[in-house]
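Notes for the structure review
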Amino acid sequence: MYAISLGEDGAELRPLEPWQAEEFLAHMDRGREFIGRHIALADAAADLESARAFLQGYADKAAADTGRIHGIWTDGKLVGGVLFRTMDVKQRTAEAGCWLEPSAVGKGLVTRATRVIIDWAVEERGIQRVEWWAAAANEASIAVARRLGMTKDGVLREGRLHRGKRHDMEIWSVLAPEWRAARRPA
């Protein structure tokens, strides 16, 4: 398996696969309430069977070229991840997302990891538009979109049902030419 360095702090980005379901579940258990405040992932991986099924769903997406999931490890411990929830190579669009357990917050891990997967999507897969959907109350996720140089496209009022309540969803995006221009050395 490959690992991509996320910087001098030793953090790594690696594929997250079904055989890692136990590690994934332990990670979810450490951050379940924190992660679950804004995204359904914490509820989707409630036990070993559902954690394995969730990861298998992304293995199937990877095989079909319709999504990807990667974990973020620090000091050999899974602490979060980034993904392409959806990816449509024909339409050249993808929706990126992320999550972290509380111990990993504030270290720039998601921003660094998301840069890696967006670079890959734009340069290797020809993706033209990368979207970032975030609950309007999820200030940390919106801050990542800003750090990535994304533009706020709008708000889907009460666009998602999460834990029995409707939430406004902010849609952010970056286009391939904008991404490339921002990544060029000054």
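Note: the structure precedes this text.
Only a predicted model underlies this, so the values are computations on that prediction, with no experimental measurement involved.

Rules of the game
The written sequence of each chain sets the order in which its residues are numbered from 1. Only residues with pLDDT of at least 70 get local features here, since the model is predicted, and only at 80 or more are side-chain atom pairs given and counted; chain-wide, interface and lining totals rely on the full set of residues. Side-chain measures were taken over the full set of non-hydrogen atoms in the model, leaving aside hydrogen atoms and water. A helix here means a DSSP run of H or I that spans at least four residues, while a strand means a run of E at least two residues long, and both kinds are numbered starting from the N terminus. Radius of gyration here uses only the C-alpha atoms, and the compact-globule reference equals 2.2 Å multiplied by the residue count raised to the power 0.38. Only protein chains enter the accessibility calculation, which uses a 1.4 Å probe. A residue is then buried if its area is under 20% of the maximum for its type, exposed if over 50%, and partly exposed in between. Residue contacts are defined here by distance: any two heavy atoms, one from each residue, within 4.5 Å place the two residues in contact. Using a 1.4 Å probe, accessible areas were evaluated by the Shrake-Rupley method; residue-level cover was limited to the displayed protein chains. Under the convention used here, Asp and Glu are negative, Lys and Arg are positive, and both His and the chain ends fall outside the count. A charge is said to be at NZ when it belongs to Lys, at CZ for Arg, at CG for Asp and at CD for Glu. Axis lines are fitted to C-alpha atoms, over the contacting stretch for helices. Their N-to-C directions set the angle, which ranges from 0 to 180 degrees. Roughly parallel covers angles under 35 degrees, roughly antiparallel covers those over 145, roughly perpendicular covers 65 to 115, and oblique covers all other angles. Helix crossings get a hand from a simple test, with the near helix turned counterclockwise from the far one by less than a right angle marking a left-handed crossing and a clockwise turn marking a right-handed one. Two kinds of site are reported from a 1 Å grid over the protein atoms alone, namely cavities, where a 1.4 Å probe fits but cannot get out, and pockets, open sets with protein on both sides within 12 Å along at least five of seven lines, and residues are called lining when an atom falls within 4 Å of a point. Grid points are joined across faces, edges and corners, and a volume is the space filled by probe spheres set on the points. Note on residue categories: nonpolar means Ala, Val, Leu, Ile, Met, Phe, Trp, Tyr, Cys or Pro, charged means Asp, Glu, Lys or Arg, and polar means any other residue, Gly included. Here, nonpolar core refers to any group of buried Ala, Val, Leu, Ile, Met, Phe, Trp, Tyr and Cys residues whose side-chain atoms link them within 4.5 Å. Each residue after the first adds 1.5 Å to the expected span of a helix. Fitting one axis to the seven residues ending at a residue and another to the seven starting there, the bend at that residue is the angle between the two axes. Aromatic pairing here means that ring centres of Phe, Tyr or Trp (its six-membered ring) are within 6.5 Å. Orientation follows from the plane angle: under 30 degrees is stacked, over 60 is edge-to-face, and everything else is tilted.

From N to C terminus, the protein includes 6 helices and 8 strands. The helix and strand sequence of the protein, counted from the amino end, reads β-β-α-α-α-β-β-β-α-β-α-β-β-α. In terms of C-alpha radius of gyration, the protein reaches 16 Å, essentially the compact-globule figure of 16 Å for 186 residues. Counting every position in the protein, which comprises 186 residues, the buried fraction comes to 44%. Residue pairs in contact within the protein that sit at least 24 positions apart in sequence constitute 59% of those at least 6 positions apart. Summing over all exposed atoms, the protein offers an accessible surface of approximately 9500 Å²; the carbon and sulfur share of this is 51%. Treating the 27 positive side-chain charges of the protein as one cloud and the 27 negative ones as another, the clouds have centres 4 Å apart.

A separate point is the packing of helix α4 (residues 109–123) against helix α6 (residues 176–183). In contact at an axis separation of 11 Å, α4 and α6 are set at 125° when each is read in the N-to-C sense. As far as their axial angle goes, α6 and α4 are oblique. With respect to the hand of their crossing, α4 and α6 are arranged in left-handed fashion. Contacts from Arg115, Ile118, Asp119, Val122 and Glu123 of α4 reach α6 at Ala176, Trp179, Arg180 and Arg183.

Of the voids in this model, the largest pocket is the one considered here, and its volume is about 880 Å³. Grouping the constituent residues of the lining of the largest pocket by class yields 25 nonpolar, 9 polar and 6 charged. In this structure, the second largest pocket spans a volume of roughly 270 Å³. What lines the second largest pocket is a set of 17 residues, and nearest its centre among them are Tyr2, Pro15, Arg68, Ile69 and His70. Elements represented by at least two residues in the lining of the second largest pocket include exactly β2 (12–15), α3 (48–64), β3 (68–74) and α4. Sorting elements by how many residues they give to the lining of the second largest pocket places α3 first, with 4 residues. Among the residues forming the lining of the second largest pocket, the class breakdown is 14 nonpolar, 1 polar and 2 charged.

With that out of the way, let us pick up the nonpolar core. Grouped together as the largest cluster of nonpolar side chains are 33 residues, with contacts concentrated most on Ile72, Phe84, Val130, Trp132 and Met150. Taken together, the elements giving at least two residues each to this core come down to β4 (77–88), β5 (93–100), α4, β6 (129–135), α5 (139–147), β8 (165–175) and α6. The dominant element in this core, judged by the number of residues it contributes, is α4, at 7 residues. What Met150 contacts, discounting residues up to four positions off in sequence, is Ile118, Val130, Trp132, Ala145, Trp172, Ser173 and Val174. Among the nonpolar cores identified, the runner-up in size contains 18 residues, and Phe24, Ala45, Phe54 and Leu83 belong to it.

Take helix α1 (residues 21–36) next. The end-to-end C-alpha distance of α1, which contains 16 residues, comes to just 18 Å, noticeably less than the 22 Å that a straight helix rising 1.5 Å per residue would cover. If you look at α1, its biggest bend is around 60°, right at Arg30. When we look at burial in α1, the residues that qualify are Ala21, Phe24, Leu25, His27, Met28, Gly31, Arg32, Ile35 and Gly36. Looking at the buried side of α1, the elements it contacts are α2 (41–44), α3, β4, β5 and β7 (151–162).

Following the criterion strictly, the structure yields 4 aromatic pairs and no others. Aromatic pair Phe24 and Phe54: ring centres 5.8 Å apart, planes at 10°, arrangement stacked. Of this pair, Phe24 sits in helix α1 while Phe54 sits in helix α3, and the two are 30 residues apart along the sequence. For the pair Phe24 and Phe54, a shared accessibility class is recorded, and that class is buried.

All we've got here are geometric facts, nothing functional implied.
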